[in-house]
Amino acid sequence: DRRLQILARSTPRSILYPFCKIILKALKKNNSYFELMASDFYESDRAIISSDGHKAIFKESMNNVTPNNIDGIIDDYYLRLKDWDFRPEDIKAEVHMWHGIHDCFSNIDSAKDIAAAIPNCKTHFLEKNGHYVFISHWDEILQALIQEN
């Protein structure tokens, strides 16, 4: 994922897009996502993705989301690289940002910069966690949402 993002920054979309489609289709077909990505994951993420339950859910999600195309997944890479059509400073609502310190997909420094720019942002930067904070801490995240409403 990190390597693909670096490549996406320096490669025109017209060239990279077909290449990405081939890679992602192969990963989906061979169900090799977990083995390929595991080396980049923090230990808490490896524990989550190696569980049979998560593998089954992920496979089902991939089959539901991308039965005939994977455009959404590829577009997600490009959205990370573009300027947004709003400024974080203009966000009026309270925001809770949950982020694992060892996230291999989204850099913690970028998350801290964005959080600092949002006027009413409550941060939850979690040590000993990676990208899958939304799985390992879902109950805390839902409790924070419930308490706000």
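Residues numbered from 1 in each chain as written. Predicted model: local features only at pLDDT ≥ 70, side-chain atom pairs only at ≥ 80, totals over all residues. Heavy atoms only, no water.

Summing up its helical and strand segments, the chain has nine helices and two strands in all. Each of the 149 residues in the chain was classed as buried or not, and the buried ones make up 32%. Taking contacts inside the chain between residues at least 6 apart in sequence as the whole, the part at least 24 apart equals 74%. Per element, the accessible surface of the chain, about 9,800 Å² overall, is 55% carbon and sulfur. (Helix = DSSP H or I, 4+ residues; strand = E, 2+ residues; numbered from the N terminus. Buried < 20%, exposed > 50% of the residue type's maximum accessible area, 1.4 Å probe, protein only. Contact = heavy atoms within 4.5 Å. Areas by Shrake-Rupley, 256 points an atom, 1.4 Å probe, with all protein chains shown as cover.)

To continue, consider a nonpolar patch on the surface. Taken together, Trp 138, Leu 142, Leu 145 and Ile 146 make up a surface patch of nonpolar side chains, about 430 Å² in accessible area. Inspection of the secondary structure assignment puts Ile 146 in helix 9 (residues 138-148). (Patch = residues over 30% accessible without salt bridge, like charges linked within 9 Å, V, L, I, M, F, W, Y side chains within 5 Å. Salt bridge = Lys/Arg side-chain N within 4 Å of Asp/Glu carboxyl O.)

Successive side chains on a regular strand alternate, one facing one side of the sheet and the next facing the other. Pairing between strand 1 (residues 95-100) and strand 2 (residues 121-126): six bridges, direction parallel. Looking across to strand 2, one finds that Gly 100 is bridged to Leu 126. Chirality of the crossover, the property in question, places the unit of strand 1, helix 7 (residues 108-117) and strand 2 among those that are right-handed. (Pairing = 2+ DSSP bridges. Right-handed = clockwise from strand over helix to strand, strands pointing away.)

Summarising the element assignment, Asp 103 is placed in the loop between strand 1 and helix 7. Exposure remark for Asp 103: the relative accessible area of 10% places this residue in the buried category. Here Ser 106 takes part through its backbone nitrogen, which lies 2.9 Å from a polar atom of the side chain of Asp 103. (Polar contact = N/O pair within 3.5 Å; in protein donor to acceptor, adjacent residues only side chain to side chain.)

Quick look at the packing of aromatic side chains now. For the coordinates displayed, the defined rule picks out four aromatic pairs. Plain terms: the ring middles of Trp 84 and Phe 86 are 5.4 Å apart, the flat faces sit at 15° to each other, and that makes the pair stacked. What makes Phe 86 partly exposed here is its relative accessible area of 42%. Look at Tyr 132 and Phe 134: their rings are 5.5 Å apart centre to centre, the planes differ by 45°, and that puts the pair in the tilted class. Judged by its relative accessible area of 6%, Tyr 132 is buried. Geometry around Phe 125 places Lys 112 over its ring, the cationic atom sitting 6.0 Å from the centre. (Phe/Tyr/Trp six-rings, centres within 6.5 Å; stacked < 30°, edge-to-face > 60°. Lys NZ or Arg CZ within 6 Å of the ring centre and 35° of its normal.)

This next bit is on the confidence of the model for the chain. Summarising the model, the chain shows a mean pLDDT of 80, and 74% of its residues fall at 70 or more. Here helix 1 (residues 2-10) stands out as the least confident element of the chain, with mean pLDDT 64; strand 2 is the most confident, with 97. (pLDDT = per-residue confidence, 0-100.)

Our focus in this paragraph is the environment of Val 133. Positionally, Val 133 belongs in helix 8 (residues 133-136). Along the primary structure Val 133 and Ser 44 are separated by 89 residues, whereas in three dimensions their C-alpha atoms are 9.0 Å apart.

Turning our eyes to something else, we now look at the pattern of salt bridges. For side chains bearing opposite charge, pairing can occur when the charged atoms are close. Within the structure shown, the criterion is met by two salt bridges. Ionic pairing is found between Asp 90 and Arg 87, a salt bridge with its closest N-O pair at 3.1 Å. For Asp 90, a relative accessible area of 39% translates into the label partly exposed. When its relative accessible area of 48% is taken as the criterion, Arg 87 is described as partly exposed. Between Glu 94 and Lys 122 there is a salt bridge, with the nearest N and O atoms lying 3.5 Å from each other.

Time to look at unusual backbone geometry. Of note in this structure, Lys 128 is not a glycine but carries a positive phi near 65°. With respect to the helices, strands and loops of the structure, Lys 128 is situated in the loop between strand 2 and helix 8.

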